[in-house]
Amino acid sequence: MASPRDGRRVLVTGAAGYIGSHAALTLLESGDRVLGLDNLSRGHLGAVQILKKIGGPNFDFVKADLLDHAQLLSVMRDFRPEVVIHFAALAYVGESVHEPCRYWTNNTMGSLSLLDAMRRCGAHRIVFSSTCATYGTPAPAHLPITERCPQTPINPYGRSKLAVEQALLDSCGSREWPELGVALLRYFNVAGSDPQGRLGEDHRPETHLVPICLEVALGQRERVEVFGADYPTPDGTCVRDYVHVTDLVDAHRSALERVAPGTALIANIGIGRGFSVREVIDSCRRVTGAAIPHRDAPRREGDPAELFSDPGEAHRLLKWSPRFTSLDETVATAWHWRRAHPHGYAE
């Protein structure tokens, strides 16, 4: 258990979620003081309890919604964060197509509420969890994707995130807020779990490919649905760049070390190559030893054919490189946690 120390005060929004909980864990192990904030609509109290056990007096948690501005401002004035890492968001592409107002309200208006509270309480640095979905469907000439790729999102999720990016860039160094420093980290598909098996990936409903494959391996699903087998890719299925969750949160930690007043830092976070849906299923078969049957299904709305990063700016600006570059190694960490927690945090 961590001992109290006068470390950085870091507010982590979405701290009960998959990436937010892993980020809080990394910060606590670095000796920082962390306040986790989550409305628990999709986060897990089980993850919070684990963080409390690990962080002890260096970790606290408040159930709050970013749209409750009065509560948010009160919490932030009490804690006085030096930096904010902002993960809280709805993040299902297909759901955003069917419920766009919900995504604009939660993701964009919630973020604007957070920014106003930061300005009022004197927190002037933020690391924002953005997404490759802001790039939309890049032309082949823009693959691998650099930060200079045109941002033309094709779904409400991507557009709601891009709007927050624009608000941050407009505010950064402005006359209204000259002290604001921002880091925008646009990351690709996230997979894996804490290598020590303390935290894992558990979404309700689960839509991410790796945990779905593992549920099939455990006999909890009959098969994997492959949404689209006729894309213009080598095997006809979507191609994505899979970055391990602990590598991703290491990039956030590096960004909060480097974000400076009045400046904006922008970087893609990925491993720099893509894996197809069929390649991911095959990796899960190798790791688990299970057959993992699949069935081809129609495409989902809002899915680009191919997204993978050029992580050169992250290497240059953040001095960051992924440790997990083997898909099988990433899947193995996810399987380690899922075998021990076959029903996720519900146990």
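Residues numbered from 1 in each chain as written. Predicted model: local features only at pLDDT ≥ 70, side-chain atom pairs only at ≥ 80, totals over all residues. Heavy atoms only, no water.

Enquirer: Sorry if this is basic, but what is going on with the overall build of the protein chain here?
Expert: On a plain count of helices and strands, the protein chain comes out with eleven helices and 14 strands. The C-alpha atoms of the protein chain give 19 Å as radius of gyration, which agrees with the globular expectation for 347 residues (20 Å, within 12%). The principal-axis extents of the C-alpha atoms in the protein chain amount to approximately 55 × 45 × 35 Å. Long-range pairs, those at least 24 residues apart, make up 80% of the contacts in the protein chain with a sequence separation of at least 6. Of the roughly 14000 Å² that the protein chain leaves accessible, carbon and sulfur atoms contribute 51%. Side-chain charges in the protein chain split into 38 positive and 41 negative, and the spacing between the mean points of these groups amounts to 3 Å. (Helix = DSSP H or I, 4+ residues; strand = E, 2+ residues; numbered from the N terminus. Rg over C-alpha atoms; globule rule 2.2 N^0.38 Å. Contact = heavy atoms within 4.5 Å. Areas by Shrake-Rupley, 256 points an atom, 1.4 Å probe, with all protein chains shown as cover. Lys, Arg positive; Asp, Glu negative; His and termini not counted. Charge placed at Lys NZ, Arg CZ, Asp CG, Glu CD.)

Enquirer: What exactly am I supposed to notice about the packing of helix α9 (residues 277-288) against helix α11 (residues 327-340) here?
Expert: Packed helices, taken two at a time, are described by their axes: the angle between them and the distance between them. The N-to-C vectors of α9 and α11 enclose an angle of 60 degrees; their axes lie 9 Å apart at closest approach. If you check the angle between α9 and α11, you find them oblique. Seen along the crossing, α9 lies across α11 with a hand that is right-handed. Contact residues: Glu279, Val280, Ser283, Cys284, Arg286, Val287 and Thr288 in α9; Leu327, Asp328, Val331, Ala332 and Trp335 in α11. A class-by-class count of the residues in the contact of α9 with α11 yields seven nonpolar, two polar and three charged. (Axes fitted to C-alpha atoms, helices over the stretch in contact; angles between N-to-C directions. Parallel < 35°, antiparallel > 145°, perpendicular 65-115°, else oblique. Left-handed = near helix turned anticlockwise from the far one by under 90°. Nonpolar A, V, L, I, M, F, W, Y, C, P; charged D, E, K, R; others polar.)

Enquirer: Help me out: how do you make sense of the packing of helix α1 (residues 18-29) against helix α2 (residues 45-55) in this one?
Expert: At their nearest, the axes of α1 and α2 sit 10 Å apart, and the two run at 0 degrees to each other. Viewed along their axes, α1 and α2 adopt a mutual orientation that is roughly parallel. Seen from α1, the contacting residues are Ser21, Ala24, Leu25 and Leu28; seen from α2, they are Ala47, Leu51, Ile54 and Gly55. Of the residues that constitute the contact of α1 with α2, the class distribution is six nonpolar, two polar and no charged.

Enquirer: How should α2 be read in this particular structure?
Expert: Since the α-helix packs 3.6 residues into each turn, any two residues three or four apart lie on the same face. For α2, the set of buried residues is Gly46, Ala47, Val48, Leu51, Ile54 and Gly55. On its buried face, α2 sits against α1 and β3 (59-63). Gly56 occupies a position one or two residues after α2 and carries a positive phi of about 55 degrees. (Buried < 20%, exposed > 50% of the residue type's maximum accessible area, 1.4 Å probe, protein only.)

Enquirer: Looking at this structure, how should I read the nonpolar core?
Expert: In summary, soluble globular proteins display a tendency toward joint burial of nonpolar side chains. Counting 66 residues, the largest nonpolar core has Ile19, Leu185, Ile269 and Leu318 as its most contacted members. Here this core takes seven residues from α1, the largest share from any one element. If sequence neighbours within four positions are ignored, Leu318 has contacts with Leu185, Ala251, Ser254, Ala255, Arg258, Leu265, Ala267, Ile269 and Glu313. Of all hydrophobic cores here, the second largest spans 26 residues; its members include Leu35, Ala64, Phe128 and Leu180. (Core = buried A, V, L, I, M, F, W, Y, C linked by side-chain atoms within 4.5 Å.)

Enquirer: Even after reading the chapter, I still don't get unusual backbone geometry, so can you show me in this structure?
Expert: The phi torsion of most residues other than glycine is negative, and most of the peptide bonds are trans. Here the bond from Leu143 into Pro144 is cis, since omega is -5 degrees, no more than 30 degrees from zero. Within the fold, Pro144 resides in the loop between β5 (125-131) and α6 (156-171). The peptide bond linking Arg204 to Pro205 adopts the cis configuration, its omega dihedral lying at 0 degrees. Relative to the assigned elements, Pro205 resides in the loop between β7 (189-191) and α7 (209-217). Of note, the phi angle at Leu40 is positive, near 65 degrees, even though the residue is not glycine. Inspection of the secondary structure puts Leu40 in the loop between β2 (33-38) and α2. Residue Arg80 is not a glycine yet carries a positive backbone phi of 55 degrees. Its location among the elements puts Arg80 in the loop between α3 (69-79) and β4 (83-86).

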